[in-house]
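# Structure at a glance
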2 protein chains.
Amino acid sequence: MAGVLADSDDLDWTSPDPESTLYLELASGRVVFELAPEFAPKTIANIKQLVRAGFFDGLSINRVQENYVVQWGDPAAGSDDARPQGEIAESLRPEFYRAASGLAFTALHSRDAYAKEVGFVDGMPAGRDGASGRAWLAHCYGMLGVGRDVGPASGNGSELYVVIGHAPRHLDRNVTLVGRVLSGMSHLSTLPRGGGALGFYLPEERKIPIVSMRVAADVEASARSRLQRFRTDTPAFDRLMEARTRRLEEWFVDPAGNIELCNVPIPVRLQTEVR
Amino acid sequence: MAGVLADSDDLDWTSPDPESTLYLELASGRVVFELAPEFAPKTIANIKQLVRAGFFDGLSINRVQENYVVQWGDPAAGSDDARPQGEIAESLRPEFYRAASGLAFTALHSRDAYAKEVGFVDGMPAGRDGASGRAWLAHCYGMLGVGRDVGPASGNGSELYVVIGHAPRHLDRNVTLVGRVLSGMSHLSTLPRGGGALGFYLPEERKIPIVSMRVAADVEASARSRLQRFRTDTPAFDRLMEARTRRLEEWFVDPAGNIELCNVPIPVRLQTEVR
């Protein structure tokens with residue numbers, strides 16, 4: 001893979017739109033998310049409205065479940081002490097999947113346990129089913145999703161989670177995914193696990209404070225994370241998938257010759273100065 | 001799944017052999033491993049010999065790579081300061097796979113990206129290939145393996161690692177796996193990631209000290225972790241796989257109807273008093 005990246009040129013990289021980039025600021029540092037408005041436009045609009053209203057600022061990470069998810073939002077949600085959400089929709093029609101037509105889908109040749117076809121759409125791992133005509137984002141490590149209760153429309157973006165374990169792909173098409181972590185993942189994955197059911201912190205455990213959430217476009221340019229993400233619709237990405245499948249490195253004595261969706265890395269780099 | 005476990009009886013659980021159970025003692029607590037001598041008898045004999053000689057005591061965790069592995073051993077390995085390994089074999093014939101015959105293999109019905117057939121052998125996730133007649137342990141979250149250099153026989157058990165991320169199944173049949181974590185996983189998964197290449201700690205970063213490693217059989221009975229592990233060769237385990245595949249819980253609006261090997265939980269409980 002190092003060879004593929006070394007041979008890449010600037011056209012193989014993209015700078016995510018600051019309007020589709022979120023920052024989660026913790027005491028330990030910043031987590032950067034790239035959003036996927038092609039898949040969840042209404043949910044993302046709601047989340048950005050909440051972020052811009054400062055809804056998440058001063059709230060906390062309330063749940064860290066081993067080999068599963070980190071989740072944050074209002075610990076008082078549902079009680080009289082819940083933080084007001086202003087004019088945000090209380091529930092949203094689920095965006096668990098969308099029409100496959102109209103998406104540039106880079107197929108990965110892989111037997112997948114969960115989807116008839118898997119691949120990548122604009123930097124995001126995804127599934128597709130020709131029979132139903134649907135496509136959806138896949139719950140790989142580092143994906144960002146919207147917590148919900150039993151009702152499918154009960155999530156509005158005020159409870160967010162990130163996958164920190166082996167991909168829980170059985171959640172695909174059951175929850176709205178909205179993007180993925182581009183950098184800062186270890187600020188989430190190393191958090192103390194919660195001692196309560198489902199990894200919720202117990203009253204005597206310290207919830208992790210959220211300093212703020214911001215849309216990158218609202219942050220002054222000098223304070224933005226200057227990240228570029230490898231494009232997934234290029235010949236260079238085809239070569240990356242091939243390199244990770246065949247594993248020609250000397251270390252491998254029995255290369256798999258296959259690869260699973262969530263094991264394909266989507267590289268991120270610091271933007272270099274314009275040359 | 002809760003229903004399957006509630007309906008289980010004591011015969012559905014097994015108490016791992018103390019001779020095939022290792023403790024890794026850290027300042028934060030104990031990690032318990034169940035070993036798989038059916039797959040890697042010589043490597044496990046070497047590891048137990050190292051453990052019983054106190055080889056690991058006072059060494060350290062030297063590598064924590066995000067979404068990949070935690071690795072420990074002698075940070076001075078290969079140098080003049082390396083800790084002597086006594087009469088331990090310096091290199092071992094790899095135990096990357098074994099003959100499939102003679103193994104009680106509980107098949108999981110799943111399309112798998114890496115193996116023709118997957119399932120469970122005595123509590124361990126495994127792959128199998130009828131054409132080659134081979135079976136092997138699979139690199140799921142929490143699996144314990146033996147680090148090696150480029151030479152396939154270069155690992156002798158003095159460098160051990162645990163998977164802390166999405167299953168790196170491309171390592172299957174390229175490294176000797178020897179068991180899995182039964183409890184204490186979060187002592188490893190929450191460790192600070194190393195800032196060096198491959199997640200090795202930099203000189204200025206603090207390596208995590210290992211208090212000791214012990215074979216459970218060598219620990220007095222009152223200080224042992226009294227764990228039981230769900231058997232994987234019973235009708236109850238068939239029901240567990242089925243429950244995790246069909247997901248009849250009300251929350252699921254679109255149950256996958258499929259499951260991937262590393263998403264099947266193998267439950268562990270505290271041993272209750274003999275009734």
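We now turn to the structure provided with this report. (Residues numbered from 1 in each chain as written. Chains lettered and ligands numbered in written order. Predicted model: local features only at pLDDT ≥ 70, side-chain atom pairs only at ≥ 80, totals over all residues. Heavy atoms only, no water.)

Opposite charge on two side chains lets them pair, provided their charged atoms get close. Per the counting criterion, the structure on display carries 34 salt bridges over all chains. The shortest N-O distance in the salt bridge between A:Asp10 and A:Arg269 comes to 3.2 Å. Note that A:Asp10 is positioned in the loop between α1 (2-7) and β1 (13-14) and A:Arg269 in strand β16 (residues 268-270), a separation of 259 residues in sequence. Judged by its relative accessible area of 22%, A:Arg269 is partly exposed. Note that B:Lys116 and B:Asp129 form a salt bridge whose closest N and O atoms lie 3.8 Å from each other. Of this pair, B:Lys116 sits in the loop between β7 (106-108) and β8 (117-121) while B:Asp129 sits in strand β9 (residues 124-129), and the two are 13 residues apart along the sequence. The network of salt bridges with shared partners includes A:Glu19, A:Lys48, A:Arg52 and A:Asp218. (Salt bridge = Lys/Arg side-chain N within 4 Å of Asp/Glu carboxyl O. Helix = DSSP H or I, 4+ residues; strand = E, 2+ residues; numbered from the N terminus. Buried < 20%, exposed > 50% of the residue type's maximum accessible area, 1.4 Å probe, protein only.)

This brings us to the side chain of A:Arg63. Residues and elements named next belong to chain A. Note on placement: Arg-63 falls in strand β4 (residues 60-64). Comment: no salt bridge for buried Arg-63; closest opposite-charge side chain is Glu-159, at 7.5 Å. With sequence-adjacent residues up to four places away left out, Arg-63 is seen in contact with Tyr-68, Val-69, Val-70, Gln-71, Leu-198, Gly-199, Phe-200 and Tyr-201. (Lys, Arg positive; Asp, Glu negative; His and termini not counted. Contact = heavy atoms within 4.5 Å.)

What follows deals with the interface of chain A and chain B. At the interface, 44 residues of chain A touch 43 residues of chain B. Of the roughly 3,800 Å² buried between chain A and chain B on both sides combined, carbon and sulfur atoms contribute 53%. Ranking the residues of chain A by area buried against chain B places A:Arg111, A:His166 and A:Trp251 at the top, with a combined share of 19%. Viewed at the interface, chain B and chain A are joined by two salt bridges. For B:Arg173, the salt bridge is made with A:Asp254, and the minimal N-O distance between the two is 2.8 Å. The tally of links from chain A across to chain B stands at 31 residue pairs in polar contact (both at pLDDT 80 or more). (Buried area = accessible area lost by both parts, 1.4 Å probe. Polar contact = N/O pair within 3.5 Å; in protein donor to acceptor, adjacent residues only side chain to side chain.)

Looking now at unusual backbone geometry. Residues and elements named next belong to chain A. Its identity as a non-glycine residue notwithstanding, Asn-67 has a phi of 55°, on the positive side. For Asn-67, the location among the structural elements is in the loop between β4 and β5 (69-73). You will see that Leu-198, though not glycine, has its phi angle at about 60°, which is positive. Checked against the element boundaries, Leu-198 lands in the loop between α3 (186-189) and β14 (208-215).

Note that all results are geometric; they support no functional claim without further evidence.
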